[in-house]
Protein chains: 2
Amino acid sequence: MIFATILAGGSGSRMGSTEKPKQFLLLGEKPVLIHTIEKFVLNDKFDDIILLTPKEWINHTKDLINKYLPNESIKVIESGNLRIDTVKNAMDYINENYPDDDNIIVTHDAVRPFVSHRIIEENIEAAKNHDACNTIIPATDTIVRSKDSEFVDEIPNRDELYQGQTPQSFKLTKLQELYDKLDDNQKENLTDACKIFTINNEPVAIVKGDISNIKITYPFDLKVANFILKE
Amino acid sequence: MIFATILAGGSGSRMGSTEKPKQFLLLGEKPVLIHTIEKFVLNDKFDDIILLTPKEWINHTKDLINKYLPNESIKVIESGNLRIDTVKNAMDYINENYPDDDNIIVTHDAVRPFVSHRIIEENIEAAKNHDACNTIIPATDTIVRSKDSEFVDEIPNRDELYQGQTPQSFKLTKLQELYDKLDDNQKENLTDACKIFTINNEPVAIVKGDISNIKITYPFDLKVANFILKE
């Protein structure tokens, strides 16, 4: 089976004074996460779509699904504190309800509503063939490293650097096996699910992302997203 | 003296089928680079504004300046093949025409028209106090390293990573001194002027950039820029 896992665990702290986490803000006439979920509902390869959101937003999220996307393949469950905990909740849910050695999990940010079907399809293929994949684009900006945020430590060669997007997709049994090997310290410092593979020296295939597959992090991004929607 | 150096050496190859380099494309009612130069003309701290552009575009650029910004403090000179050659041409021009040990050079991408006066002022201060500075923002995307562009090699900790913007500003005598130490191989592989300092283990201070200080690289960015302009 193939599962879409939509990560909507963000608290929206970077959006300034807004009351709601950014996945719930209106983009055009629908909340951001509805746009995102639609992309996965419209692709018939997915058996189930699992939406993970903070406990206090579960009822609101279910109301939104009933209003905009009344579809029984969408399940709403609780997200974790950290991104990696949220992915773990999705793994547990799938393993409990649909145990199978060939399950594929496509994880995607709820706040990236402009993901394309080409990107989704290539994720499924790459996860089947390589166990793990990441969607990335070449870094357009120079990347700079600084430990103290006051002085620059290093400017790595840009040729080898990419900006990570999502989806990130995995063969579930492999993801689970590698996750179980992590110690508590590793788990706490994981900001990225693909890193479970790289720190275990397991390959992560690359899927080419797209410049328009933006992440809505700041109020500025929501303005850009509204503009893209009108194009 | 304080010099603004506007780097307009780009050939626009990433803009797709457009005929003109992106710095000459219309943003609202004026070419991109006119918006950018205006920011520096409006700040009275600059003695001269040096605009560097490919040889075949010099006449066109001069025509644009005459039309939109008839101001004698703007000089148009030839850019180099690489970004670092362009910076070198600016250094040579200043050293020849205005030799002085205290000269400050503020280098800025012609295709970043939304730089703020706060950022420009902080660049001048940081260059005076620390000899070199870079304008950067915290990386919003996860950064990924890949040598072969097929598999991920490393996902560095995002906490320490930033996206470089411009301006980058320098005390000219120090920049020249460090540049002269570089061998040919180092010069060829330099994509960033601040790297002249970091590879010599000299400090580069950080100026906080802004999310709206975007670089117009792709057609998508020009659409976003037109949208920002209307806000």
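Residues numbered from 1 in each chain as written. Chains lettered and ligands numbered in written order. Predicted model: local features only at pLDDT ≥ 70, side-chain atom pairs only at ≥ 80, totals over all residues. Heavy atoms only, no water.

**A short note on the relation of the copies chain A and chain B**
Then comes step 1: At an RMSD of 0.0 Å, chain A and chain B line up after a rotation of 180 degrees and a shift of 0.0 Å along the axis. The two molecules are tied by a two-fold rotation axis, judged by turn and shift. Identified as the residue of chain A closest to the rotation axis by C-alpha distance is Val224 of chain A, at 3.1 Å.
Then comes step 2: An overlap of 100% is found between the interface residues of chain A and their copies at the interface of chain B, pointing to a shared contact surface. (Least-squares fit on C-alpha atoms with pLDDT ≥ 70 in both. Contact = heavy atoms within 4.5 Å.)

**Considerations on the interface of chain A and chain B**
Then comes step 1: If you look at the interface, chain A gives 45 residues, while chain B gives 45 residues.
Then comes step 2: The interface formed by chain A and chain B includes 4 salt bridges.
Then comes step 3: For Arg112 of chain A, the salt bridge identified is with Asp141 of chain B, shortest N-O distance 3.4 Å.
Then comes step 4: Inspection of the chain A/chain B interface yields 18 residue pairs in polar contact (both at pLDDT 80 or more).
Then comes step 5: Those elements that provide at least two residues to the side of chain A that touches chain B are strand 7 (132-138), strand 8 (143-145), strand 9 (161-171), helix 7 (195-198), strand 10 (205-208) and helix 8 (219-230) of chain A.
Then comes step 6: With 5 residues, the top contributor of residues to the side of chain A that touches chain B is helix 8 of chain A.
Then comes step 7: Its residues assigned to classes, the side of chain A that touches chain B comprises 21 nonpolar, 11 polar and 13 charged.
Then comes step 8: Relative to strand 9 (residues 161-171) of chain B, strand 8 of chain A runs antiparallel, the two being bridged by 3 bridges. By the bridge assignment, Val144 of chain A is partnered in strand 9 of chain B with Tyr162 of chain B. (Salt bridge = Lys/Arg side-chain N within 4 Å of Asp/Glu carboxyl O. Polar contact = N/O pair within 3.5 Å; in protein donor to acceptor, adjacent residues only side chain to side chain. Helix = DSSP H or I, 4+ residues; strand = E, 2+ residues; numbered from the N terminus. Nonpolar A, V, L, I, M, F, W, Y, C, P; charged D, E, K, R; others polar. Pairing = 2+ DSSP bridges.)

**Structural notes on the environment of Gly164 of chain A**
Then comes step 1: Along the chain, the position of Gly164 of chain A falls in strand 9.
Then comes step 2: Residue Gly164 of chain A is classed as buried on the basis of its relative accessible area, which comes to 6%.
Then comes step 3: C-alpha of Gly164 of chain A to C-alpha of Ile137 of chain A: the two residues are 27 residues apart in sequence and 6.7 Å apart in space.
Then comes step 4: Apart from the residues lying within four places of it in its own chain, the contact partners of Gly164 of chain A are Arg112, Thr135 and Ile136 of chain A together with Asp141, Thr142 and Val144 of chain B. (Buried < 20%, exposed > 50% of the residue type's maximum accessible area, 1.4 Å probe, protein only.)

**Quick look at the state of the cysteines**
Then comes step 1: Taken as a whole and judged by the stated rule, the model has 0 disulfides over all chains.
Then comes step 2: Its sulfur unpaired, Cys194 of chain A is 7.0 Å from the next cysteine sulfur, which belongs to Cys133 of chain A. (Disulfide = S-S within 2.5 Å.)

**What to know about the environment of Asn97 of chain A**
Then comes step 1: If you trace the backbone, Asn97 of chain A turns up in helix 3 (residues 83-97).
Then comes step 2: For Asn97 of chain A, a relative accessible area of 40% translates into the label partly exposed.

**Quick notes on the confidence of the model for chain A**
Then comes step 1: The share of residues in chain A with pLDDT of 70 or more is 96%, and the mean pLDDT across the chain is 93.
Then comes step 2: For this predicted complex, the interface confidence comes out at an ipTM of 0.87, alongside a pTM of 0.85. (pLDDT = per-residue confidence, 0-100.)

**Quick notes on the pairing of strand 5 (residues 74-78) of chain B**
All names here are of chain B.
Then comes step 1: Bridge count between strand 4 (residues 48-53) and strand 5: 5 bridges; the pairing is parallel. Paired with Thr53 across the strands is Glu78, a residue of strand 5.
Then comes step 2: Handedness of the strand 4-helix 2 (residues 58-68)-strand 5 crossover: right-handed. (Right-handed = clockwise from strand over helix to strand, strands pointing away.)

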